[in-house]
Amino acid sequence: MADHVLSNTYLDALKDQRTGFAMVFILSGLVNVLMLTGSVYMLQVYDRVLSSGSMVTLAGLFTIVVILYLFLGLFDFLRQRLLSRIAIRLDVALGKPSYKSWVQSGLPPQSASPEPLRQLSMLRQFLSGPTAVSLFDLPFVPIFLAALFLVHPWLGMMVLAGACVAGIAAILGRVLTRKWQEQAAIQNNTLQEFSRHSRQSAEVLTAMHMHDNLGNHWKTMHETRLALHQNASNPSEVISAFSKTFRLLLQSAILSVGAVLVMQNQISAGMIIASSVLSSRALAPIDQVIGQWRAIGTAVAANRILRDFFAQIGADPQLVEFPEPTGRIAVKSLSKFSPQRGTQMRKALLQSISFDLAPGDGLGVIGKSAAGKSMLARVLVGAWQPDQGEVQLDGASLTKWQDGILGRAIGYLPQRIDLLPGSISQNIARFDPAASDADVIAAAQLAGVHDLINALPDGYASQVGGASGTPLSGGQVQRIGLARAVLFCPKLLVLDEPNAHLDGDGDDALDAAIMKLRTAGSTVIVMAHRPSAISAMNKIMILENGRMVRFDTKEAVLGGANVAPMVRTTGPTPIKPNGARPPLHPPHARGGVGTL
Ligand SMILES: Nc1ncnc2c1ncn2[C@@H]1O[C@H](COP(=O)(O)OP(=O)(O)OP(=O)(O)O)[C@@H](O)[C@H]1O
Ligand SMILES: [Mg+2]
């Protein structure tokens with residue numbers, strides 16, 4: 001039974017770093033107290049040393065200052081180091097779950113949530129940078145303000161007012177630029193997506209000489225992005241210039257007020273300089289936060305996105321460990337609706353499909369284009385979840401099985417195969433370190449692709465699927481995809497149009513692989529247009545508009561149903577019900593059961 005524990009991996013990882021954050025806070029307190037050293041020293045030099053002329057006092061004071069500064073340096077280093085470590089620990093704890101969940105979120109219905117890995121890397125950079133440290137200085141600003149109030153309330157009031165003005169300017173800047181910044185970020189993503197897709201379609205663009213048109217289209221989008229960036233930075237520039245000038249003016253104003261206070265004998269001369277230093281210490285973290293407003297905003301947004309992303313996912317369910325399945329398949333009233341959300345009714349892509357298969361059965365699913373064959377394949381292997389009904393493996397719904405067991409029990413060859421960046425051997429091994437070379441070679445031999453791979457210059461080590469493209473033909477990719485699907489001789493093998501790119505030899509290799517797996521007790525389901533793909537099957541299902549209109553033994557179906565229009569009569573190797581291939585131009589090749 002799945003025990004869905006509601007928990008947020010991100011918040012849990014943050015909680016694990018509580019002690020680290022507390023240490024950074026304590027160290028920040030110590031650093032900020034020690035930052036008063038300079039002001040106190042200045043006060044003592046002006047008011048005690050200069051008036052008494054005592055070298056011994058000066059030397060004693062200086063020694064203390066050196067020691068205090070050494071501690072200041074040490075504590076400052078330690079808190080920065082601690083923050084960097086926290087950032088790395090968070091990244092390590094959340095990297096894999098973020099990657100896994102991000103890939104899984106590619107399944108429909110897709111949400112437009114920003115990529116968590118990018119957010120995680122932004123958060124890491126922020127935490128290990130100087131801005132995070134200045135955020136920890138912020139709670140200690142009152143210490144400096146209090147010290148200024150102690151020197152004289154006027155000075156304290158002035159700096160407090162200065163801090164408020166700077167804060168208001170920052171908030172104003174944020175409010176004025178927020179809308180533009182958000183739009184600029186969206187435009188930025190659109191532009192990146194467009195560039196990425198254009199590059200992927202480079203062949204088509206070159207063949208049809210579309211570069212110029214696309215270049216113009218890109219330029220228009222790019223200009224919009226630049227305009228949005230400009231709109232976002234206009235108010236920031238004004239506010240940043242104002243803040244700098246205001247800060248300088250405030251320093252001089254403090255000095256002037258200090259001078260007046262000295263003239264009125266309310267404070268000593270040394271206090272003027274000490275208060276100038278204190279005021280700059282009080283305002284420095286505020287200035288830093290204002291200057292880094294955008295970085296802080298990005299980090300806050302990253303924090304929110306990660307929290308929400310992990311809240312949606314929850315923790316992995318705790319599943320009971322079942323023994324290895326035998327391959328008994330039961331499909332119960334399976335329905336799947338179109339994933340689009342909208343005002344219109346969701347279209348039924350699969351409607352109340354039920355059937356059973358015993359281990360060793362081979363089912364050929366045939367139907368016209370858009371009948372729902374690929375959709376059924378996706379639901380059967382658990383890539384998409386059914387909206388109604390369930391797919392059971394050995395009497396238990398697929399969702400009840402542990403990932404590790406299902407990974408070895410299911411083989412799937414999608415209609416559109418994408419090999420992942422890596423070597424052919426890694427792709428066939430499904431990147432499973434437990435898959436030995438012998439497993440990989442056995443799978444390749446079963447799929448009849450071993451010799452083809454060996455004929456490549458780098459053999460099994462050939463790199464595929466990367467930025468430089470795949471140096472393989474469509475048929476080779478399909479056969480490597482088949483090898484990947486048959487790795488570990490899965491108990492349930494679902495092949496979607498497995499022979500779409502295969503030649504006669506490929507077809508034979510496919511049939512042989514299917515027969516071998518079926519003999520070994522695997523249940524094989526093949527979705528097909530072309531009749532040659534179902535020659536190694538013993539059962540046939542006919543799908544029409546997502547409905548199962550026929551499910552029977554191959555002999556029974558091919559003996560009566562008119563399935564010919566559903567399959568390409570121009571296919572290169574039509575076969576007869578008994579699996580034998582007819583001559584290339586049979587006398588009754590069109591219509592009726594003759595083509596199958
Ligand atoms: N990602 C998707 N989102 C929404 N609808 C989809 C999606 N993929 C397919 N469909 C719809 O599901 C229906 C069945 O498509 P499916 O790909 O299963 O057909 P098929 O029988 O495999 O066709 P073909 O023989 O051309 O591969 C179609 O109406 C299609 O529009
Ligand atoms: Mg299909």
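Each value, and the rule that gives it
Residues numbered from 1 in each chain as written. Chains lettered and ligands numbered in written order. Predicted model: local features only at pLDDT ≥ 70, side-chain atom pairs only at ≥ 80, totals over all residues. Heavy atoms only, no water. Donors = N, O, S within 2.8 Å, 3.2 Å for Na, K, Ca; no water. Helix = DSSP H or I, 4+ residues; strand = E, 2+ residues; numbered from the N terminus. Buried < 20%, exposed > 50% of the residue type's maximum accessible area, 1.4 Å probe, protein only. Contact = heavy atoms within 4.5 Å. Core = buried A, V, L, I, M, F, W, Y, C linked by side-chain atoms within 4.5 Å. Near = heavy atom within 4 Å. Polar contact = N/O pair within 3.5 Å; in protein donor to acceptor, adjacent residues only side chain to side chain. Areas by Shrake-Rupley, 256 points an atom, 1.4 Å probe, with all protein chains shown as cover. Nonpolar A, V, L, I, M, F, W, Y, C, P; charged D, E, K, R; others polar. Axes fitted to C-alpha atoms, helices over the stretch in contact; angles between N-to-C directions. Parallel < 35°, antiparallel > 145°, perpendicular 65-115°, else oblique. pLDDT = per-residue confidence, 0-100.

### A closer look at the coordination of the magnesium ion (ligand 2)
Within the protein, Ser374 (OG) and Gln415 (OE1) serve as the donor atoms for the magnesium ion (ligand 2), at 2.0 to 2.1 Å. Note that Ser374 is positioned in helix 13 (residues 373-380) and Gln415 in the loop between strand 6 (410-413) and strand 7 (422-423), a separation of 41 residues in sequence. Overall, Ser374 belongs to the buried group, its relative accessible area being 16%.

### Points about the environment of Val494
Mapping Val494 onto the fold places it in strand 9 (residues 492-496). For the pair formed by Val494 and Ile410, sequence separation is 84 residues and the distance between their alpha carbons is 7.8 Å. Residues contacting Val494, with those up to four places away along its chain left out, are Ala377, Leu380, Val381, Gly411, Tyr412, Leu413, Ile525 and Met527.

### Describing the nonpolar core
Grouped together as the largest cluster of nonpolar side chains are 44 residues, with contacts concentrated most on Ile424, Ile428 and Leu495. Of all the elements in the fold, those that place two or more residues in this core are helix 15 (424-428), helix 16 (437-446), helix 18 (474-486), strand 9, helix 19 (504-519), strand 10 (523-528), strand 11 (539-544) and helix 20 (554-560). The element that contributes the greatest number of residues to this core is helix 18, accounting for six residues. If we skip the residues at most four places from it in the chain, Leu495 touches Leu413, Leu482, Ala485, Leu510, Ile514, Ile525, Val526 and Met527. Among the nonpolar cores identified, the runner-up in size contains 32 residues, and Leu349, Val365, Ala377 and Ile405 belong to it.

### Describing unusual backbone geometry
A negative phi holds for most residues other than glycine; trans holds for most peptide bonds. Of note in this structure, His209 is not a glycine but carries a positive phi near 50°. Mapped onto the secondary structure, His209 falls in the loop between helix 9 (202-207) and helix 10 (211-263). By relative accessible area, which is 67% here, His209 ends up exposed. Residue Ala370 is not a glycine yet carries a positive backbone phi of 70°.

### Examining the site of ligand 1
By nearness alone, 17 residues border ligand 1, and Ser369, Ala370, Lys373, Ser374 and His529 come closest of all. With respect to ligand 1, the backbone of Gly372 contributes an N or O atom lying 3.0 Å from an oxygen atom. Isolated, ligand 1 exposes 630 Å² of accessible area, and the fraction of that covered by the protein chains is 72%. It is helix 13 that provides the largest number of residues to the shell around ligand 1, a total of four residues. Tallied by class, the residues present in the shell around ligand 1 amount to six nonpolar, six polar and five charged.

### Here's the deal with the packing of helix 3 (residues 37-52) against helix 11 (residues 269-291)
The contact between helix 3 and helix 11 brings their axes to 8 Å, and the two run at 170°. The orientation of helix 3 with respect to helix 11, classified from their angle, is roughly antiparallel. Only Gly270, Met271, Ile273, Ala274, Val277 and Leu278 of helix 11 make contact with helix 3, whose side of the interface consists of Ser39, Met42, Leu43, Tyr46 and Asp47.

### Observations regarding the confidence of the model for the protein chain
When pLDDT is averaged along the protein chain, the result is 84; 88% of the residues meet or exceed 70. Taken together, the stretch residues 1-5 has pLDDT below 50 and engages in ten contacts with residues farther than four places along the chain or on a different chain. Low pLDDT, under 50, characterises residues 564-596; the stretch is placed with 58 contacts to residues that sit more than four places away or in other chains.

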